[in-house]
Amino acid sequence: MHALETYRELRSLLDDDRLLEALHGEERREGSVLRVRAHLGLARATYETSGDLAEALSLLAEAERTCEEEGLDGELLAVWGQHGLLLLRSGDLAGAREALDRVAPDDDAEPSFDLGVILLNRGALHLEAGDATAAARDLRAAAKVGRAIGNSVLEAHARHNLGYAAFLSGDLPAALREMSDAAELGDRPEPVVLMDRSRVLAEAGLVSDAVAALELASSLLEGGSAVVRAEVELTLAVCLMDMRQFDRAVAAARTSARGFERAANGPWRARARVVELQAQLGADRFGRRPGSRATLRRRAARALELAELGKTAGTVGRLTVAYPALLMAAEWSAMAGDLDAARALLARVPADLGDAPLSLRLERTAMTAQVAFARGSRSAGVRAVRHGQRTLAAHRGLGSVEAVAATGLHALRLNLVDVRAALATGDAAAVFDALERGRAAAAGTARLVPPDDARLAELLERARAEHQAALALGATATPEGIRDKRGHLVEARRLQDEARELSWQVEGERRPVEPVSAREVRAALRAAPAPRDADVVVSYSTLDDELFAVRLDARGSTLHRLGARSAMLEQARRARADLTVVSNPLIPAALRDAAGRSLAQSLARLDDQLVRPLGGAGDLHVVARGQLLTLPWSALTSRVGRRTWVGERVHLVRSADGPAVHRDDVVVLAGPDTEGGVAEAEAVAAVWSSARVLVRGEATVHEAVRALTRARVVHLAAHGTHAQDNAMFSSLRLADGPLFAHELDGVGLAGATVVLSACELGLSSSDVGGEALGFASVLLRHGADAVIAAVAPLRDDVAVRVMPSLHAGLRDGLRPGEALARAVADEPEPVPLVCFGPLVL
């Protein structure tokens, strides 16, 4: 309340007529101008903190009277501009437009602060009305005024809003570039800036980053604008829905609605009510069982009432209130079994929504598919799903492999409708096809070559140097050493975050990935050069807490229900914990033996749930996402010694086509401080007749990237770290510092087989959309033929035994999964190495 109190004190002083009467000439004029400016500030502060629009407009009327009485024609520009801004903030777009047009500047108007503010506010009006082109015109003019008068704050606000205009136009990289450039002009982030940035990140699917920005915005709003706080709460509610935290989303939306109600902002209150209902609908979709038919119909009626409010509010009201509410009413009607009502409600939302927000366009498409499936028209439902996925593929997302994975968030609703409908048919092939359509939607990478950005390269190099500086301090126990080490690591993380954000802004060239069908896979199995009668492809997935799988072979397909997902996750958790104990030679032998017995039990139970019910003793290609993806598949009881390889989608590659890129070299690198690393590297190199060996100081980041781009087989023996909370900075420790997964974005890896003899680099972190990211997954997204990596700690003595045998198999022409199976077959304890790769036939 500090600003409001300051303006009140100033007003009480300036409203003393005796003060003005004592002034004459220029002094009186200056006092009158000060009085007007105090009224303007107090009007803005009154509305923003209390929502009292009537009082704020009354203050502006006083300011206008002062201008007329004192002949302050120049100050009227600021008064009318402030009038327009307050009407805009209250949701009265027509009134705001009338007020701002009243003071529309000429093209040759003299640059001034008031002129810049008028242009800025009129640009904001156009943004609110959804006219990004008109907004950009006024905002560029405002930025030009700011530069001309040397006001960096005005220029920063205009540049930031230009970023928001790019966001509304669907150009997310340009939006973040403009917002970042604007931020460099200011001293510290403002709540509105952070909120707008969070909206861009959320639209890109980077919801966790969006929430972090909103939390910072909220902390900066203590005692500040109640209207902005309501907007922050509303944006947070949308993000919480994406994270499936529906109860929290409902609470945030209700808080937002109360804030807008106090501010007399009816249009934004209606938006908040829409989000509240969307969160309740999300809970019906994902969390709880939907209510009775009567309850569902009541919810549909509430949504329909809200739609009636929105349809009278012009284009913006239709896009933000009426159409979303109609789609909710349609879905609740469909849940209640009222398909005719659902179809009628859906028809009230135009099929072609033009440049409407991506989420609305996808929701309309998903509802079209849901109604078609419910009416028994699978072909129409599948067409709608494919249309939505093409819409998503054409969306101009951020330019990084991480952002491509994050787009899976937008595909969730479509995928859910598609898979539920397929499961309802009981047709295994239909379920397989639905799963693959969803997986392809967020597959691939954002660019075909690494970003040529000197600033990005510098940030990564500095982050690497900070890691090295922290490492050089060793296991220090002194307070000074601990402080210095922490300081280096904090700075490294800051640089990594900055690099990550910069990579989003570098334009990409994403190529959509086409899904394969069950029919195509079966045909490929039958047509393979070598007999594939015993080969099995199994696609695993979950819905609610149920685990299911589609089994494909050359003869046909079958659908299997495999029990509770929670049971699988518990056994997976135990297996990983036991693998960690078994791999640690510092733990007493008796404890390791006990962990070994427990591990055997967990692996057997996972095998009993996931593999044995499906039959088949031949080669097994596992397709899975999330935590299923990184199970120790090759160590499951029935798979030891048998070719097993894993992918997050079915990427069908026919070996007869030959490699896309010719590679000859075999390169072996050993990073520092691994007890058996050098010995392992030398043993692996001895298997090959002309392998290039790089150890100690020669095993640098540059050499590793060079090997990955050129060599046919690359073996990397080094300490590895999977960064759970920042997967693109999972890393391999080399002589000059860590090689980050981030640095491989855009690196062509077609034709390469990569062996990561490092702990945990087979792990991945799944974002809200379920897409996996980690060191191995980045290699695969960029075309590697196969990646063999550990999904748990790998002991040095095991690696030294297994890796030469693995490479001998690769040398002799075995496929990577087959070479791995032979190498671990006779090991006395489970080996957590997994072969990841496409389905090569």
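Residues numbered from 1 in each chain as written. Predicted model: local features only at pLDDT ≥ 70, side-chain atom pairs only at ≥ 80, totals over all residues. Heavy atoms only, no water.

Q: Tell me about the pattern of salt bridges, residues and numbers included.
A: Per the counting criterion, the structure on display carries 57 salt bridges. For D418, the salt bridge is made with R437, and the minimal N-O distance between the two is 2.8 Å. Highlighted residues: D418 in helix α22 (residues 408–425) and R437 in helix α23 (residues 428–441), separated in sequence by 19 residues. Each member of the pair, D418 as well as R437, is classed as buried. Between R815 and D619 there is a salt bridge, with the nearest N and O atoms lying 3.3 Å from each other. One end of the pair, R815, is in the loop between α33 (796–811) and α34 (816–824); the other, D619, is in the loop between α28 (589–610) and β4 (620–623), with 196 residues separating them in the sequence. A relative accessible area of 21% means that R815 is categorised as partly exposed. Bridged by salt links that share partners, the residues R455, E458, R462, E491, R494 and E498 form one connected network. (Salt bridge = Lys/Arg side-chain N within 4 Å of Asp/Glu carboxyl O. Helix = DSSP H or I, 4+ residues; strand = E, 2+ residues; numbered from the N terminus. Buried < 20%, exposed > 50% of the residue type's maximum accessible area, 1.4 Å probe, protein only.)

Q: Let's hear about the sheet that holds strand β7 (residues 666–670): which residues, and what values?
A: With mixed pairing, the 11 strands of this open sheet are ordered in space as β3-β2-β1-β4-β5-β17-β16-β13-β9-β7-β8. If you trace the sheet from one side to the other, it starts and ends with β3 (556–564) and β8 (692–695), each paired once. Each neighbouring strand pair of the sheet contributes to a mean axis angle of 20°, computed without reference to strand direction. Where strand β16 (residues 786–790) meets strand β17 (residues 833–836), 4 bridges bridge the pair, whose relative direction is antiparallel. Residue pairing for β17: A789 is matched across the bridge by V834. (Pairing = 2+ DSSP bridges. Axes fitted to C-alpha atoms, helices over the stretch in contact; angles between N-to-C directions.)

Q: Before we move on, can you summarise the pairing of β7 with the specific residues and values?
A: Taking burial as the measure, the 5 residues of β7 include 5 buried ones, the bulk of the element. Where burial is concerned, the two faces of β7 agree: the one with V666, V668 and A670 and the one with V667 and L669 are both buried. As defined by bridge partners, β7 adjoins strand β9 (residues 713–717) across 5 bridges and the pair is classed as parallel. The residue bridging A670 from the neighbouring strand is A717, located in β9. Where β7 meets β8, 4 bridges bridge the pair, whose relative direction is parallel. Residue pairing in the sheet places L669 in a bridge with L694 of β8. This β-α-β element, β7 to helix α30 (residues 677–687) to β8, shows right-handed connectivity. (Right-handed = clockwise from strand over helix to strand, strands pointing away.)

Q: Give me the environment of F167: which residues, what numbers.
A: Along the polypeptide, F167 turns up in helix α9 (residues 152–168). Residue F167 is classed as buried on the basis of its relative accessible area of 13%. Each C-alpha atom, one on F167 and one on P357, is 9.7 Å from the other, the two residues being 190 residues apart in sequence. Residues contacting F167, with those up to four places away along its chain left out, are L172, A175, R199, V200 and E203. (Contact = heavy atoms within 4.5 Å.)

Q: Kindly report on the packing of helix α16 (residues 293–310) against helix α17 (residues 314–335), identifying the contributing residues and their values.
A: To describe two helices that pack against each other, one gives the angle between their axes and the distance between the axes. For the pair α16 and α17, the least separation of the axes is 8 Å and the interaxial angle reads 165°. Considering their axes alone, α16 and α17 lie roughly antiparallel with respect to each other. Considering the relative orientation of α16 and α17, their crossing is left-handed. On α17, the residues touching L296, R299, A300, A303, L304, L306, A307 and G310 of α16 are G314, G317, R318, V321, A322, A325, L326, M328, A329, W332, S333 and M335. Classifying every residue of the contact of α16 with α17 gives 14 nonpolar, 4 polar and 2 charged. (Parallel < 35°, antiparallel > 145°, perpendicular 65-115°, else oblique. Left-handed = near helix turned anticlockwise from the far one by under 90°. Nonpolar A, V, L, I, M, F, W, Y, C, P; charged D, E, K, R; others polar.)

Q: Outline the sheet that holds strand β10 (residues 720–721), listing residues and values.
A: Taken together, 3 strands build an open sheet; the order of strands is β10-β11-β12 and the sheet is antiparallel. The open sheet has two edge strands with one neighbour each: β10 and β12 (737–740). Bridging between β10 and strand β11 (residues 731–734) involves 2 bridges; their strand directions are antiparallel. Each bridged residue has a counterpart across the sheet, and for G720 the counterpart in β11 is L732. The sheet strands contacting helix α31 (residues 701–710) are β11 and β12, and the helix crosses β12 at an angle near 30°.

Q: Give a detailed account of the confidence of the model for the chain, specifying residues and quantitative values.
A: Of the residues in the chain, 91% have a pLDDT of 70 or more, and the chain-wide mean is 86. By mean pLDDT, helix α2 (residues 17–21) is the weakest element of the chain at 52, and helix α18 (residues 339–347) is the strongest at 96. (pLDDT = per-residue confidence, 0-100.)

Q: Describe the packing of aromatic side chains, naming the residues involved and giving the relevant values.
A: Evaluated as defined, the whole model comprises 5 aromatic pairs. With a centroid separation of 5.2 Å and 35° between ring planes, the pair formed by Y540 and W633 is classed as tilted. One end of the pair, Y540, is in strand β1 (residues 536–543); the other, W633, is in the loop between α29 (626–629) and β5 (644–647), and 93 residues separate them in sequence. Take Y540 and W633: they sit in the same class, and that class is buried. Between F729 and F740, the aromatic rings sit 5.1 Å apart at their centres with planes inclined by 70°, giving edge-to-face as the arrangement. One end of the pair, F729, is in the loop between β10 and β11; the other, F740, is in strand β12, and 11 residues separate them in sequence. You can call F740 buried: its relative accessible area is 1%. (Phe/Tyr/Trp six-rings, centres within 6.5 Å; stacked < 30°, edge-to-face > 60°.)

Q: I'd like to hear about the side chain of E436, residue by residue, with values.
A: Tracing the backbone shows E436 in helix α23. Assessed through its relative accessible area of 2%, E436 is described here as buried. Of the polar contacts made by the side chain of E436, one reaches the backbone nitrogen of V650; its length is 3.0 Å. If near-sequence neighbours (up to four positions away) are discounted, E436 is found in contact with P515, V516, S539, V623, R649 and V650. (Polar contact = N/O pair within 3.5 Å; in protein donor to acceptor, adjacent residues only side chain to side chain.)

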